[in-house]
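# Commentary on secondary and tertiary structure
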Amino acid sequence: MLLDPRPKMRREDLFGRDRELRMLAENIDSPIILITGIRRIGKSSILSVFLNEVGVPSVLLDLRDLRSNYGLKDFYSVLSKALSTNIDKFKEILKSLSSIKILGSGVEIRWRGRDALTLPSFFDTLNKRRTIIAMDEAQKLRGPRANEVLNAIAHAYDYDRNLTFILTGSEVGLLYDFLKLDDESSPLYGRYCYKLVVERFDRDTAVEFLRKGFEEVNVDIEDEELEEAVNFFDGIPGWLTFFGNEYARGNKKIESIKNIAVNLALKEIKNIVKIRGRRYALVLKVIAEGVDSWSKIKRYVEEREGVTVSSSILSNVINSLEDMSIVKDYKFLDPVYRAASLKLV
């Protein structure tokens, strides 16, 4: 179903992404593929549908909940869960690794001690046959173990020709900060990566997506309501799906759906502010209010805080928001995030 809010698994449920699936198929022999785009643009759905169609065994690591100061145990816990999901395809290969135990449909990984698993040896083992290793929200791998992961990927790039890595990232600047492709000190410096940027739907495609979604569930909606929804949610598939699902379930009040979406976005923004600091809230709010110059933002923050603000610190805040793909050139990339930021106090 088009309006199912969960990540799509089948092509028939994935609207308007035939080009992206085709480009992935054409570049499947690239050692590393990067799929980038803002939150709720549909990267996870594109990846899942592609992995289900391509006919190559795959391991999909969901890194969304990996903590910022993760350790090897945390990473191997994610890897264990990913292998357990597809254990039938890897059971025979994994038996050769003494650091991995297969218990029924589950996988245990030894992460400490003499027989602990090393990532290069793990990748070398998977290289015995064609395999895709996918990492969803790979920017989460930044942290104390980043170089260890990068070194292992670089090793596989050079020696494991049967492996393809697909990395997705919604915080694009942070993903590239993790990979450091242009940094001579990075293990991946100079390595070729195929880059697929997932864009939002244009207006006509967004309207058509909603219309077909409502037809699929036999729900009538006026053209004016479709236009209002697209005006607010833009062409971001995740938000359009959220709107369509709410409307189809009986919430016919568009303002109510907007408010629910904004409150969801506000919760996400508040989590960022909690981690990053109050100054991020001030910068987000002033940009949401339409201030579009560095000097005006600096003046606004100084007036609210009652202190002089270091130019370098303010630049770091703005650059971080751009790295997280929230703003670019003093504009919000997601209109719902802009509406939510206006509610910051």
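Residues numbered from 1 in each chain as written. Predicted model: local features only at pLDDT ≥ 70, side-chain atom pairs only at ≥ 80, totals over all residues. Heavy atoms only, no water.

### Considerations on the packing of aromatic side chains
As a reminder of what qualifies: Here a Phe, Tyr or Trp ring, Trp counted by its six-membered ring, pairs with any other such ring whose centre lies within 6.5 Å, and the pair is stacked when the planes are under 30 degrees apart, edge-to-face when over 60, and tilted otherwise. We call a residue buried when its accessible area falls under 20% of the maximum for its residue type, exposed when it is over 50%, and partly exposed in between, using a 1.4 Å probe and counting protein chains only. By definition, any uninterrupted DSSP run of H or I lasting at least four residues is a helix, any uninterrupted run of E lasting at least two residues is a strand, and each is numbered from the N terminus. Note on geometry: a ring has a charge over it if NZ (lysine) or CZ (arginine) is within 6 Å of the ring centre and within 35 degrees of the ring normal.
A complete count under the given rule lists 13 aromatic pairs for this structure. With a centroid separation of 6.0 Å and an interplanar angle of 50 degrees, the aromatic rings of phenylalanine 75 and tyrosine 76 are classed as tilted. This pair shows no difference in class: phenylalanine 75 is buried, exactly as tyrosine 76 is. Their ring planes at 90 degrees and their centres at 5.9 Å tell us that tryptophan 239 and phenylalanine 242 sit as a pair that is edge-to-face. Taken together, the residues span about one helical turn, with tryptophan 239 and phenylalanine 242 both in helix α10 (residues 237–248) at a distance of three residues. Relative accessible area serves as the criterion here: at 1%, tryptophan 239 is assigned to the buried category. Chaining the aromatic ring pairs together yields one cluster made of Phe214, Phe232, Phe233, Trp239, Phe242, Phe243 and Tyr247. A cation sits over an aromatic face here: arginine 40 above tryptophan 239, 4.0 Å from the ring centre. Just above the ring of phenylalanine 90 sits the side chain of arginine 129; from NZ or CZ to the centre is 5.4 Å.

### A look at helix α1 (residues 18–26)
Stated precisely, the cut-off is as follows: An arc is given here, and it is the one of the directions from the helix axis to the C-beta atoms. Residues count as neighbours in contact if any of their non-hydrogen atoms are within 4.5 Å of one another.
Among the residues making up α1, those that are buried are Glu20, Leu21, Met23 and Leu24. Take α1 and look down its axis: the buried residues cluster within an arc of 160 degrees, on one side only. Those residues of α1 that are buried lie in contact with β1 (32–36), α2 (43–53) and β7 (194–197).

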